[in-house]
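This is what each chain is made of:
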Amino acid sequence: GGSPESWHLQGLAADFVVEGVRPSRVRELLEELIDAGRLQDGGVGRYASHTHYDLRPHPTRWNG
């Protein structure tokens, strides 16, 4: 049901749901890994039910 150009369909994105952890906290942890150089600085989006991360070539942040 998503876009044909979806990062997910290209194998370059993942949505995270961690039981007992708010999506906002998962986003904070992803940001910490990016700041530490452990993850590429791509797209990070927080939604009510999950946190999205992708490997786009430019940093992008959003709240869904």
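Counting of residues starts from 1 at the beginning of each chain's written sequence and follows it residue by residue. Confidence filtering applies because this is a predicted model: local features only for residues at pLDDT of at least 70, side-chain atom pairs given and counted only at 80 or more, and all residues used for totals across whole chains, interfaces and linings. Calculation of side-chain values draws on the structure's entire complement of heavy atoms; hydrogens and water are dropped beforehand.

Asks: Looking at this structure, how should I read the nonpolar core?
Replies: Among soluble globular proteins, nonpolar side chains are generally buried collectively. In these notes, a set of buried Ala, Val, Leu, Ile, Met, Phe, Trp, Tyr and Cys residues joined through side-chain atoms within 4.5 Å is what counts as a nonpolar core. The cut-offs for exposure are 20% and 50% of the maximum accessible area for each residue type, with area from a 1.4 Å probe on protein chains only; residues under the lower value are buried, those over the upper are exposed, and the others partly exposed. Val 26, Leu 30, Ile 34, Val 44 and Tyr 53 form the largest nonpolar core, which has five residues in total. With three residues, helix α1 (residues 23-35) is the single largest residue contributor to this core. Among all residues touching Val 44, those that are not within four sequence positions of it are Arg 27, Leu 30, Glu 31, Ile 34, His 52, Tyr 53, Thr 60, Arg 61 and Trp 62. Numbering of helices and strands runs from the N terminus, with a helix taken as a DSSP run of H or I at least four residues long and a strand as a DSSP run of E at least two residues long. We call two residues in contact when some of their heavy atoms are within 4.5 Å.

Asks: I would appreciate a short explanation of the side chain of Thr 51 in the present structure.
Replies: Along the chain, Thr 51 turns up in strand β3 (residues 51-54). Since its relative accessible area comes to 0%, Thr 51 is described here as buried. In this structure the side chain of Thr 51 is engaged in a polar contact, spanning 2.9 Å, whose partner is the backbone oxygen of Pro 23. For this analysis, a polar contact is any N or O atom pair within 3.5 Å, provided that within protein one partner can donate a hydrogen and the other can accept it, and provided that sequence-adjacent residues contribute only side-chain to side-chain pairs.

Asks: Whenever I open this one, the pattern of salt bridges confuses me. Can you help?
Replies: Oppositely charged side chains can pair when the atoms bearing their charge come close. Every case where a carboxyl oxygen of Asp or Glu lies within 4 Å of a side-chain nitrogen of Lys or Arg is listed as a salt bridge. Taken as a whole and judged by the stated rule, the model has five salt bridges. One salt bridge connects Arg 25 with Glu 28, and the closest N-O pair in it is separated by 3.0 Å. With Arg 25 and Glu 28 both in helix α1, this residue pair falls three residues apart, about one helical turn. Owing to a relative accessible area of 40%, Glu 28 belongs among the partly exposed residues under this scheme. A salt bridge links Asp 41 to Arg 61, with the shortest nitrogen-to-oxygen separation between them at 2.4 Å. Residue Asp 41 is located in the loop between α1 and β2 (43-46), and its partner Arg 61 is located in strand β4 (residues 60-63); the two are separated by 20 residues in the primary sequence. The class of Asp 41 is partly exposed, set by a relative accessible area of 32%. Under the relative-accessibility criterion, Arg 61 is labelled partly exposed at 29%. Where salt bridges share partners, they join Arg 25, Glu 28 and Glu 32 into one cluster.

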